[in-house]
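# Chains, contacts and geometry: an overview
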Amino acid sequence: MGLKAVFFDLDDTLYTSFQAGDAYAYEKLEEWAISTFGDKGKGFADAFRVNRKRLARQQPAMPPTHDRVLFAQGALERMGLNAVRYSREAFRVYWNAVFAKMTLRPGVAEFLDELRAAGIKVAICTNMLADIQMEKLEYLGIADKVDCLVTSEEAGVDKPGSAIFWLAMHKCRCLPEETVMVGDNFTHDIQGALDVGIDGVWLNWTDKPKPVGELSYTEVSTFEQAAAHIRTLL
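What counts as what
- Residues numbered from 1 in each chain as written.
- Predicted model: local features only at pLDDT ≥ 70, side-chain atom pairs only at ≥ 80, totals over all residues.
- Heavy atoms only, no water.
- Pairing = 2+ DSSP bridges.
- Helix = DSSP H or I, 4+ residues; strand = E, 2+ residues; numbered from the N terminus.
- Axes fitted to C-alpha atoms, helices over the stretch in contact; angles between N-to-C directions.
- Contact = heavy atoms within 4.5 Å.
- Polar contact = N/O pair within 3.5 Å; in protein donor to acceptor, adjacent residues only side chain to side chain.
- Buried < 20%, exposed > 50% of the residue type's maximum accessible area, 1.4 Å probe, protein only.
- Arc of directions from axis to C-beta.
- Parallel < 35°, antiparallel > 145°, perpendicular 65-115°, else oblique.
- Left-handed = near helix turned anticlockwise from the far one by under 90°.
- Nonpolar A, V, L, I, M, F, W, Y, C, P; charged D, E, K, R; others polar.

### Quick word on the sheet that holds strand β1 (residues 5-8)
- Spatial ordering of the open sheet is given by β5-β4-β1-β6-β7-β8, a layout of six strands whose pairing is parallel. Because the sheet does not close on itself, it has two edges, and the strands there are β5 (148-151) and β8 (218-220). Put simply, the sheet's adjacent strands are angled 20 degrees from each other on average, direction ignored.
- Of the strand pairs in this sheet, β1 and strand β6 (residues 179-183) are connected by four bridges, and their pairing is parallel. Among the inter-strand pairings, Ala 5 is bridged to a residue of β6, identified as Thr 179.
- In the packing of helix α5 (residues 108-117) onto the sheet, contacts are made with β1 and β4 (121-126), and the angle to β1 comes to roughly 155 degrees.

The following block contains the structure:
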């Protein structure tokens, strides 16, 4: 059977860098809180971070651990501030900062067009909430270049849980052996794909150590290398 679909992670795979945006977002959150609440807002960024970690402990691998409204709500409540009035405002401050640091990787838009012109389905498989990931795709100018999006919110569990991959295959009407997954996080993207029989292309752009074990996958350091490898499969 030939290749019928390519699945891509979004954050740090099709654009860079989420980590840079996340760090910048904490700076903007603290500025916003002090501007909004005066001295009572000092320490909001740290409280936001603490509540983020608390949710991750309480609901590991579950979609709510990505919800910045919940992070803000818990932080504001603990600081004695109005969470109902300001949580969504903090949410927008956070994501505006992240968006300001997002840069589409060279060659992404052109390669997505190339795949679709060749009749290959393009799916985004991502650990996050649907609304914000759709907004990212629009902001990056590639919303019209993908066939479907599958988030952990829709699937009910984060990668490497298999639900995201199976749901994407259902939407693309393909089998594991007709699919390849491209991502920067080895555990979430590559191991998760391999577990359901999908070939993996690891975009190891930060030069992380190779995992130990007998695993069959392709490792690249740039998106252009990933695209070149996939072209050999067409």
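### Notes on the side chain of Lys 145
- Residue position: Lys 145 is located in the loop between α6 (130-140) and β5.
- Here the side chain of Lys 145 touches Asp 113 through a polar contact of 2.9 Å, side chain to side chain.
- If sequence neighbours within four positions are ignored, Lys 145 has contacts with Ala 109, Leu 112, Asp 113, Arg 116 and Val 122.

### Here we look at helix α8 (residues 163-172)
- By the burial criterion, the buried members of α8 are Ile 164, Phe 165, Ala 168, Met 169 and Cys 172. Angular distribution of buried residues about the axis of α8 spans 130 degrees; they occupy a single face of the element.
- Where the residues of α8 are buried, they touch β1, β4, β5, α7 (152-155), β6 and α9 (186-195).
- Downstream of α8 by a residue or two, Arg 173 has a phi angle that is positive, lying close to 55 degrees.

### Quick notes on the packing of helix α1 (residues 18-37) against helix α4 (residues 83-100)
- It is the contact of α1 with α4, at a shortest axis distance of 7 Å, that shows an interaxial angle of 140 degrees. By the angle between their axes, α1 is oblique relative to α4. Between α1 and α4 the crossing geometry is right-handed. Judged by residue contacts, Phe 18, Gly 21, Asp 22, Tyr 24, Ala 25, Lys 28, Leu 29, Trp 32, Thr 36 and Phe 37 of α1 engage Tyr 86, Glu 89, Ala 90, Val 93, Tyr 94, Trp 95, Ala 97, Val 98 and Ala 100 from α4.
- Grouping the amino acids of the contact of α1 with α4 by side-chain chemistry returns 14 nonpolar, two polar and three charged.

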